[in-house]
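A closer look at the structure
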Amino acid sequence: MVRRYLDHLTVERGLAAHTIEAYRRDLSRYSSTLASAGRTQVGEITTADVANYLAVLREGDDSHPPLAASSAGRAVVAVRGLHAFALAEGLAEADPARAVRPPAPPRRLPKALSIPDVERLLQVAGDTPALRRDRALLELLYGTGARISEAVGLDVDDLDLGVSAVAAGGCATVRLAGKGGKQRIVPIGRYALAALDAYLVQARPALAASARAGRPSPAVFLNARGGRLTRQGAWGALRAAAARAGLAEISPHMLRHSFATHLLEGGADVRVVQELLGHASVSTTQVYTLVTVDRLREVYAASHPRALRSDLPFPAASRSAQERDAPGIGGRSSAMRYR
């Protein structure tokens, strides 16, 4: 049943290889746990068995450490998908996992860089092919909101830089292959376009020349051997740029978070940002609106003369008209104190 389900995810659902491998690991552990409890047939599995498996994931055992809510949740999603598939295919008469919900991970707001920090990060100076590549990579990540896997997976044919169209007021675009093989077309801003053009013309040919004879790579971003840049290589480029910029605790996904946050702060509609990020549900994108709302609160508290401030002697509503109009307390003459 597990093999049939994984084949279904691969062939019919078209899930990515690393996702299939994660499901395989989770379901292998699930099968082993059930076997140790004497459950070898799908019809023998009960809701209590699935709930106990979740408890084992969270508590750990002799062979495995306790899992965080997010990791345990992923494993339970795999189990729920397996039993739903078994029921739909007629391999089982009931779905014992339907009532077992994945644990809810604590909600964490995405971390975004400030615009000045982004500008410092993107100032990757140098004329070497590798530095030109790194500049183009980082500009692309921030300028399109691409995931790191999407960026290193780009082929030259995925770029539509459209020099003539751009000159006529159009826009360059890139085709990104997201989760589940879903593709989307994202515009490229002029800074990323300039960095890509400089890399493709002046640096990529030198890196491509390092490839083994007869095996040119179609990848946009190449490593020192002329092959496709790996995720680890892209991470290294980001860490090196962050070190030069004096930034700590940075990741490729922070550039994606910054892309979304800065768009929303600039007035972009959340539905547009959803399409640009390739989110299947707008609820995933809406977490970025919480970041901007926090920013709005900060600006309001620091700028509005009637904002609630800790340095006010007492609530404005309790003051008399004479006190409200008195200089330096809260009248018109004191407004600048609270800006």
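Treat the numbers as computed from the prediction; the structure is a model and nothing was measured.

**Focus on the pairing of strand E2 (residues 172-177)**
Burial along E2 is one-sided: Ala 172, Val 174 and Leu 176 are buried, and none of Thr 173, Arg 175 and Ala 177, which face the opposite way, are. The pairing of strand E1 (residues 159-160) with E2 spans two bridges and is classified as antiparallel. Each residue of the ladder has a partner; that of Leu 159, found in E2, is Val 174. Of the strand pairs in this sheet, E2 and strand E3 (residues 183-188) are connected by six bridges, and their pairing is antiparallel.

**What about the pairing of E3?**
Residues of E3 alternate between two faces, with Arg 184, Val 186 and Ile 188 buried on one and Gln 183, Ile 185 and Pro 187 left unburied on the opposite face. Where E2 folds back on E3, the antiparallel hairpin that results is connected by five residues, among which Gly 180 adopts a positive phi of roughly 70°.

**A short note on the sheet that holds E3**
Taken in spatial order, the three strands of this open sheet run E1-E2-E3, and their pairing is antiparallel. The two strands at the open ends of the sheet, each matched to only one other strand, are E1 and E3. Contacts between helix H6 (residues 129-144) and the sheet are confined to E2 and E3, with E3 contributing the most and set at about 105° to the helix. Strands in contact with helix H9 (residues 190-202) are E1, E2 and E3; relative to E3, the strand with the most contacts, it is inclined by about 95°.

**Considerations on the nonpolar core**
Ranked by size, the top nonpolar core spans 56 residues in total, and within it Leu 121, Leu 138, Leu 196 and Phe 221 carry the most contacts. If you tally residues by element for this core, the top one is H6, at seven residues. Excluding anything up to four places from it in sequence, Leu 121 contacts Leu 113, Leu 138, Leu 238, Ala 241, Ala 242, Ala 245, Leu 247, Ile 250 and Leu 255. In this structure, Leu 9, Leu 27, Tyr 53 and Val 76 belong to the second largest nonpolar core, which totals 22 residues.

**Digging into the packing of H6 against helix H11 (residues 231-245)**
Look at H6 against H11: their axes get within 10 Å of each other, and the N-to-C directions meet at 95°. Judged by the inter-axis angle, H6 sits roughly perpendicular to H11. Listed contacts from H11 to Leu 131, Asp 134, Leu 137 and Leu 138 of H6 are Ala 234, Ala 237, Leu 238, Ala 241 and Arg 244. Grouping the constituent residues of the contact of H6 with H11 by class yields seven nonpolar, no polar and two charged.

**Structural notes on the pattern of salt bridges**
Considering all chains together, one arrives at 12 salt bridges under this definition. The shortest N-O distance in the salt bridge between Arg 74 and Asp 26 comes to 3.0 Å. With Arg 74 in helix H4 (residues 69-88) and Asp 26 in helix H2 (residues 17-36), this pair connects stretches of sequence that are 48 residues apart. Taking relative accessible area as the criterion, Arg 74 reaches 38% and is therefore assigned partly exposed. Between Arg 228 and Asp 155 there is a salt bridge; the shortest N-O distance is 2.6 Å. Taken together, the positions of Arg 228 in the loop between helix H10 (204-208) and H11 and Asp 155 in the loop between helix H7 (148-152) and E1 put the pair 73 residues apart, joining distant regions of the chain. Classification of Asp 155 by relative accessible area gives partly exposed; the value is 23%.

**Some remarks on helix H12 (residues 252-265)**
What sets the pattern is the α-helix's 3.6 residues per turn: residues three or four places apart point alike. For H12, built from 14 residues, the straight-helix expectation of 20 Å at 1.5 Å per residue is met to within 8% by its first-to-last C-alpha distance of 20 Å. Counting buried positions along H12 yields 11 of 14 residues, so the element is predominantly enclosed. Every buried residue of H12 is listed here: Pro 252, Met 254, Leu 255, Arg 256, His 257, Ser 258, Phe 259, Ala 260, Thr 261, His 262 and Leu 264. Gly 267 occupies a position one or two residues after H12 and carries a positive phi of about 105°.

**Section: the packing of aromatic side chains**
In total, this model carries four aromatic pairs according to the counting rule given. Ring centres of Tyr 5 and Phe 85 lie 5.5 Å apart, and the angle between their planes is 45°; this geometry places the pair in the tilted category. Highlighted residues: Tyr 5 in helix H1 (residues 2-11) and Phe 85 in helix H4, separated in sequence by 80 residues. For the pair Tyr 5 and Phe 85, one class covers both residues: buried.

**Side note on the environment of Pro 66**
For Pro 66, the location among the structural elements is in the loop between helix H3 (47-59) and H4. Each C-alpha atom, one on Pro 66 and one on Val 56, is 7.8 Å from the other, the two residues being 10 residues apart in sequence. With residues near it in sequence (within four places) discarded, Pro 66 still touches Leu 57, Arg 58, Glu 59 and Gly 60.

**A word on the confidence of the model for the chain**
Averaged over the chain, the pLDDT score is 82; the fraction of residues at 70 or greater is 84%. Per-residue pLDDT, averaged within each element of the chain, yields its smallest value for helix H16 (residues 321-325) (40) and its largest for H6 (94). Low confidence marks residues 312-339, where pLDDT is under 50. Its contacts with residues over four positions away, or in another chain, come to 32 contacts.

**Considerations on the environment of Arg 147**
Along the chain, the position of Arg 147 falls in the loop between H6 and H7. The exposure class of Arg 147 is buried, given its relative accessible area of 10%. Placed 130 residues apart in sequence, Arg 147 and Leu 277 show a C-alpha to C-alpha distance of 8.6 Å. If near-sequence neighbours (up to four positions away) are discounted, Arg 147 is found in contact with Leu 141, Gly 178, Lys 179, Arg 184, His 253, Arg 256, Leu 277, Gly 278 and His 279. A distance of 2.5 Å separates a polar atom in the side chain of Arg 147 from a polar atom in the side chain of Glu 150.

Conventions we followed
Residues numbered from 1 in each chain as written. Predicted model: local features only at pLDDT ≥ 70, side-chain atom pairs only at ≥ 80, totals over all residues. Heavy atoms only, no water. Buried < 20%, exposed > 50% of the residue type's maximum accessible area, 1.4 Å probe, protein only. Helix = DSSP H or I, 4+ residues; strand = E, 2+ residues; numbered from the N terminus. Pairing = 2+ DSSP bridges. Contact = heavy atoms within 4.5 Å. Axes fitted to C-alpha atoms, helices over the stretch in contact; angles between N-to-C directions. Core = buried A, V, L, I, M, F, W, Y, C linked by side-chain atoms within 4.5 Å. Parallel < 35°, antiparallel > 145°, perpendicular 65-115°, else oblique. Nonpolar A, V, L, I, M, F, W, Y, C, P; charged D, E, K, R; others polar. Salt bridge = Lys/Arg side-chain N within 4 Å of Asp/Glu carboxyl O. Expected span 1.5 Å × (residues − 1). Phe/Tyr/Trp six-rings, centres within 6.5 Å; stacked < 30°, edge-to-face > 60°. pLDDT = per-residue confidence, 0-100. Polar contact = N/O pair within 3.5 Å; in protein donor to acceptor, adjacent residues only side chain to side chain.

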